[in-house]
2 protein chains.
Amino acid sequence: MTQASGDGARQLYLEDFHVGQRFVSDTYALDERQIIAFASEFDPQPFHTDPVAAKNTLFGGLVASGWHTAAITMRLLASGPMRITGGMVGAGGEVAWPAPTRPGDILQVETEVIDLRPSRSRPDRGVATVRSETRNQRGEIVQTLTAKLVVPRRPV
Amino acid sequence: MTQASGDGARQLYLEDFHVGQRFVSDTYALDERQIIAFASEFDPQPFHTDPVAAKNTLFGGLVASGWHTAAITMRLLASGPMRITGGMVGAGGEVAWPAPTRPGDILQVETEVIDLRPSRSRPDRGVATVRSETRNQRGEIVQTLTAKLVVPRRPV
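Source: prediction; values computed, not measured. (Residues numbered from 1 in each chain as written. Chains lettered and ligands numbered in written order. Predicted model: local features only at pLDDT ≥ 70, side-chain atom pairs only at ≥ 80, totals over all residues. Heavy atoms only, no water.)

Colleague: What is the right way to look at the nonpolar core in this model?
Modeller: Within soluble globular proteins, side chains that are nonpolar tend to cluster in buried spots. In terms of nonpolar packing, the biggest core is built from 76 residues, with A:Trp67 and B:Trp67 touching the most fellow members. Look past the residues within four positions of B:Trp67 in its chain and what remains in contact with it is A:Trp67, A:Ala70, A:Met74, A:Leu145, B:Phe38, B:Asp43 and B:Trp97. (Core = buried A, V, L, I, M, F, W, Y, C linked by side-chain atoms within 4.5 Å. Buried < 20%, exposed > 50% of the residue type's maximum accessible area, 1.4 Å probe, protein only. Contact = heavy atoms within 4.5 Å.)

Pasting the structure below:
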């Protein structure tokens, strides 16, 4: 498993980013079994855990918990090309799920740097605001995430 | 396992809520093994997966992925007292992690209704905005989540 601190990829400092920069992740395929397993542990509701009962819900069939889509997005980010020095650390963000993730979907994340800001109080770091769109194999956006990441500045 | 649509609890419609209403969840204890298992699958970074390497990171020890804290919060919400008719369905929200979750922590969620709004286009439903604070056993807030939930209106 590739680690965010893996030696294989170059580690990025705040100075290595620019607004508009884009990163594209690998893909992640998920099936009914994975959706049910995650939801049984973390989001036990019929539209996430019971393919038959799910047919009579507003989703019309089994869908992944939004938090499962979020976790898969994190996996794709952590193992993707945007390798921040010291790791990918976020203080939070804004998440939205415009469409559900369903069994058989193949997800991929595209991330754009939308703001870069050196810290005023901590000269050794800054904050990168990034917007990640998670799409399925039909190009439909299943999640948007805008997150503020702590990024070290390159030592002088 | 209690389901959000479980027959044991009364199912709530938009009319059953009021601004300022509060709900308190059960508790959830998590250990190092669970933190490593979640992170190995979804957030493979040393401060989430390797107790020894984690000591030399900005966290000073193993911490849970923020998405793990979010997933546990969802579990506590889904199995908690706020049983929305048809299930708890959110279109997204704003999440923040002011402090990390660590091995041995016992989490609990307190939710407050902060806004209620009937849908203009869909007379059968509305949107409840709720703010959930997830605290550890020392009362420290490890997550805040402000989410907009779709809530059916009581049939007339």
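Colleague: When you look at the packing of aromatic side chains in this model, what are you seeing that I'm missing?
Modeller: In this description, an aromatic ring pair is defined by two values, namely the gap between the centres and the angle between the planes. Following the criterion strictly, the structure yields 11 aromatic pairs over all chains and no others. Ring centres of A:Phe38 and B:Phe38 lie 6.5 Å apart, and the angle between their planes is 55°; this geometry places the pair in the tilted category. Residue A:Phe38 is found in helix 1 (residues 32-42), and its partner B:Phe38 is found in helix 1 (residues 32-42); the two belong to separate chains. Both residues of the pair, A:Phe38 and B:Phe38, count as buried. Taken together through their ring pairs, the aromatic side chains of A:Phe38, A:Phe42, B:Phe38 and B:Phe42 make up a single cluster. (Phe/Tyr/Trp six-rings, centres within 6.5 Å; stacked < 30°, edge-to-face > 60°. Helix = DSSP H or I, 4+ residues; strand = E, 2+ residues; numbered from the N terminus.)

Colleague: Would you mind going over helix 1 of chain B with me for this structure?
Modeller: Helical geometry note: an α-helix holds 3.6 residues per turn, so side chains three or four residues apart project in the same direction. Taken together, the buried positions of helix 1 of chain B are occupied by B:Gln34, B:Ile35, B:Phe38, B:Ala39 and B:Phe42. For helix 1 of chain B, the arc enclosing every buried residue in end-on projection is 120°, short of the 170-degree limit, so these residues lie on one face. Of the surrounding elements, those touching the buried residues of helix 1 of chain B are strand 1 (22-29), helix 1 and helix 4 (66-78) of chain A together with strand 1 (22-29), helix 2 (46-49) and helix 4 (66-78) of chain B. (Arc of directions from axis to C-beta.)

Colleague: For this particular structure, what's the right way to read the interface of chain A and chain B?
Modeller: It is common to give the size of an interface as the accessible area that goes away when the parts come together. Contacts between the two partners involve 39 residues from chain A and, on the opposite side, 39 residues from chain B. A buried area of about 3100 Å², summed over both sides, lies between chain A and chain B, and 63% of it is on carbon and sulfur atoms. Sorting the residues of chain A by area buried against chain B places A:Phe42, A:Pro44 and A:Trp67 first, and these three jointly supply 23% of that buried surface. Between chain A and chain B we count zero salt bridges in total. Linking chain A to chain B there are 10 residue pairs in polar contact (both at pLDDT 80 or more). Looking at the side of chain A that touches chain B, the elements that each hand over two or more residues are helix 1, helix 2 (46-49), helix 4 and strand 2 (89-96) of chain A. (Buried area = accessible area lost by both parts, 1.4 Å probe. Salt bridge = Lys/Arg side-chain N within 4 Å of Asp/Glu carboxyl O. Polar contact = N/O pair within 3.5 Å; in protein donor to acceptor, adjacent residues only side chain to side chain.)

Colleague: Please clarify how the confidence of the model for chain A should be interpreted in this entry.
Modeller: In regions of low pLDDT, the predicted coordinates are not meant to be interpreted in detail. Residue and element names in this part refer to chain A. Looking at chain A as a whole, its pLDDT mean stands at 93, while 94% of the residues score no less than 70. Contacts of residues 1-7 to residues separated by more than four positions or lying in other chains number 21 contacts, the stretch itself having pLDDT below 50. Across the predicted assembly, pTM comes out at 0.93 and ipTM at 0.92. (pLDDT = per-residue confidence, 0-100.)

Colleague: Help me understand the relation of the copies chain A and chain B in this model?
Modeller: What relates the two chain copies is a rotation about an axis together with a slide along it. Least-squares fitting of chain A to chain B yields an RMSD of 0.0 Å, with the transformation described by 0.0 Å of translation along the axis and a rotation of 180°. Given the turn and translation reported, the copies of this chain are related as if by a two-fold rotation axis. Among all residues of chain A, the one whose C-alpha sits closest to the rotation axis is A:Glu94, at a distance of 2.2 Å. Looking at the interface residues of chain A, 100% of them are also at the interface in chain B, so both copies use one shared face. (Least-squares fit on C-alpha atoms with pLDDT ≥ 70 in both.)

Colleague: Just to check I follow, could you spell out the environment of A:Val150 for this structure?
Modeller: Residue and element names in this part refer to chain A. For Val150, the position within the fold is in strand 5 (residues 141-152). In this structure, the C-alpha to C-alpha distance between Val150 and Gly87, residues 63 residues apart in sequence, is 9.1 Å. Excluding anything up to four places from it in sequence, Val150 contacts Ile84, Val89, Arg125 and Gly126.

Colleague: How do you make sense of the pattern of salt bridges when you look at a structure like this?
Modeller: Two side chains bearing opposite charge may form a pair once their charged atoms approach each other closely. Summed over the entire model, instances satisfying the criterion amount to 22 salt bridges over all chains. Across the pair B:Arg138 and B:Glu140 runs a salt bridge whose closest N-O atoms are separated by 3.2 Å. Taking relative accessible area as the criterion, B:Glu140 reaches 38% and is therefore assigned partly exposed. Three or more residues are tied together by salt bridges with common partners; here these are A:Arg22, A:Glu110 and A:Glu112.

Colleague: Looking at this structure, I do not really get the environment of B:Glu15. What am I missing?
Modeller: Residue and element names in this part refer to chain B. Its place among the elements puts Glu15 in the segment before strand 1. In sequence terms Glu15 and Arg154 are 139 residues apart; their C-alpha atoms lie 6.7 Å from each other. For Glu15, the residues in contact, after removing those within four places along its chain, are Pro152, Arg153 and Arg154. Polar contacts involving the side chain of Glu15 include one to the side chain of Arg153, which spans 3.2 Å. A distance of 2.8 Å separates a polar side-chain atom of Glu15 from the backbone nitrogen of Arg154.

Colleague: Honestly, the sheet that holds strand 2 of chain A in this entry has me stumped. Any pointers?
Modeller: One key point about sheets: their strands pair by backbone hydrogen bonds, in either a parallel or an antiparallel sense. What the 10 strands build is an open sheet, ordered 1(A)-3(A)-4(A)-5(A)-2(A)-2(B)-5(B)-4(B)-3(B)-1(B); its pairing is antiparallel. Taken across any chain shown, the strands that pair with only one partner, and hence form the sheet edges, are strand 1 of chain A together with strand 1 of chain B. Strand-to-strand twist in this sheet, taken as the mean axis angle between neighbours without regard to direction, amounts to 25°. Both strand 2 of chain A and strand 2 (residues 89-96) of chain B contribute to a ladder of five bridges, which runs antiparallel. Looking across to strand 2 of chain B, one finds that A:Glu94 is bridged to B:Glu94. Those strands touched by helix 4 of chain B are strand 5 of chain A together with strand 1, strand 3 (106-118), strand 4 (125-135) and strand 5 (141-152) of chain B, and its axis lies near 70° from that of strand 3 of chain B. (Pairing = 2+ DSSP bridges. Axes fitted to C-alpha atoms, helices over the stretch in contact; angles between N-to-C directions.)

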